[in-house]
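Examination of the molecular architecture
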Amino acid sequence: MLEIEPLHDSFAARLHGVDLTGPLSADQVTAIQDAIDVYSLLVFPKQAMTDAAHLHFTRLLGAPEAEHVTLGKTGEVVFFGTVGNVRDDGSKEDNTHSHTRYQAGNQLWHSDSSFRQVPSTVSITHAYEVPGDGGATQFASMRAAYERLAPGVRDRIAPLRVVHDYVFSRSPIAPVDPNHAASLPPVVHPMVRCNPGTGRKNYYVGSHARSIVGWAGQDSRRLLEDLAAHATRPEDIYSHQWQAGDTVIWDNRCLLHRGTDYDADRWRRRMRQTRVVGTERGRLPL
Ligand code: OGA
Ligand code: MN
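Conventions and cut-offs
- Residues numbered from 1 in each chain as written.
- Chains lettered and ligands numbered in written order.
- Predicted model: local features only at pLDDT ≥ 70, side-chain atom pairs only at ≥ 80, totals over all residues.
- Heavy atoms only, no water.
- Phe/Tyr/Trp six-rings, centres within 6.5 Å; stacked < 30°, edge-to-face > 60°.
- Lys NZ or Arg CZ within 6 Å of the ring centre and 35° of its normal.
- Near = heavy atom within 4 Å.
- Polar contact = N/O pair within 3.5 Å; in protein donor to acceptor, adjacent residues only side chain to side chain.
- Areas by Shrake-Rupley, 256 points an atom, 1.4 Å probe, with all protein chains shown as cover.
- Helix = DSSP H or I, 4+ residues; strand = E, 2+ residues; numbered from the N terminus.
- Nonpolar A, V, L, I, M, F, W, Y, C, P; charged D, E, K, R; others polar.
- Salt bridge = Lys/Arg side-chain N within 4 Å of Asp/Glu carboxyl O.
- Buried < 20%, exposed > 50% of the residue type's maximum accessible area, 1.4 Å probe, protein only.
- Contact = heavy atoms within 4.5 Å.

Another point: the packing of aromatic side chains. Aromatic rings considered in pairs are described by the distance between their centres and by the relative angle of their planes. Evaluation of the coordinates by the stated rule reveals two aromatic pairs. Positioned above the aromatic ring of Tyr-102 is the side chain of Arg-170, whose terminal nitrogen or guanidinium carbon lies 5.9 Å from the ring centre.

Structural data, given as structure tokens:
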């Protein structure tokens, strides 16, 4: 029913034969969930997406997450974030716009919402307008990276707990609004997690990972940076060059991703994103 075309050695696939905007059977939803568990990154080309269809599809995978910037600043719950440089009124923000600079934080390897008490399982992003040059999103698998570790290293990281902190990761890039900062105190997550569907393990780091509980600062930083670097060697990266109409689902439980540069003076880039809240009981064991 789903035609799955792998895109990289260890993760990522393109899926054909499914219209995410149409009605999906329970079997189709299960097949998509299974494909997320196996491939971590799913690309669905040529989707005639709308916000309404996007939110409807998001709810088939779980509860939509309140977008943290608006929630933190104002307390308002909205389920979409806009990625790129096009405002809701259609106008374009250029390279010097504060919002463009703020989004440069996405060019650090990260896992979406790892700084939340309950991080998201997946992000679902649809591309409406894409640059003619640049603006790819790159992905790397912390599951494949975990499986490449020597057994002794796996044992050493198994008991570790990691502090994730949005203000730590983002304030060097751009000031964090005080209300937003106050809404996101540092949280602690296990270093190693396990996909309950497949039993496969991965480590969980990225730019929001600040320190390891109980470790000296420099030892924390060294291990966190080594693990991120080990996951993101050039040969381990899948780089997604967006086409308008692509809907992409990525598994934040086990992937890192980062944006790449594009000339915002020259190009329009407009993508809409929802995230699915992780559940302690279902798909996010600690
Ligand atoms: C994101 C993100 C990177 C990009 O949307 O979560 O990190 O390519 N995007 O803009
Ligand atoms: Mn992101």
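Near ligand 1 the following residues occur: Val-83, Asn-106, His-110, Asp-112, Thr-137, Trp-250, His-257, Gly-259, Arg-269, Gln-273 and Arg-275. Taking Thr-137, its side chain carries an N or O atom lying 2.6 Å from an oxygen atom of ligand 1. Look at ligand 1: alone it shows 290 Å² of surface, and the protein chains cover 97% of it. Among the elements of the structure, strand S14 (255-259) and strand S15 (270-277) are those that each provide at least two residues to the shell around ligand 1. Of the residues contributing to the shell around ligand 1, the split by class is two nonpolar, six polar and three charged.

Bringing the pattern of salt bridges into the picture now. Evaluation of the coordinates by the stated rule reveals 15 salt bridges. Here Asp-165 makes a salt bridge to Arg-210, at a shortest N to O gap of 2.9 Å. Here the residue Asp-165 occupies a position in the loop between strand S7 (161-164) and helix H7 (166-170), and Arg-210 occupies one in strand S11 (residues 209-212), the gap between them amounting to 45 residues. In this structure Asp-165 comes out as buried when scored by relative accessible area, which is 7%. Residues participating in the shared-partner salt-bridge network are Arg-148, Arg-233, Glu-235 and Asp-236.

Take Glu-93: it is sitting in the loop between strand S4 (81-84) and helix H4 (98-102). Taking the C-alpha atoms as reference points, Glu-93 and Pro-172, separated by 79 residues in sequence, lie 21 Å from one another. Residues within four places of Glu-93 in sequence aside, it is in contact with Gly-84, Asn-85, Arg-87, His-99, Thr-100 and Ala-264. At 2.8 Å, the side chain of Glu-93 and the side chain of His-99 are in polar contact.

Now for the side chain of Arg-269. Tracing the chain through its elements places Arg-269 in the loop between S14 and S15. At 2.8 Å, the side chain of Arg-269 and the backbone oxygen of Gly-135 are in polar contact. The residues contacting Arg-269, other than those within four sequence positions of it, are Val-83, Gly-84, Asn-85, Val-86, Glu-129, Pro-131, Gly-135, Ala-136, Thr-137, Trp-242 and Tyr-262.

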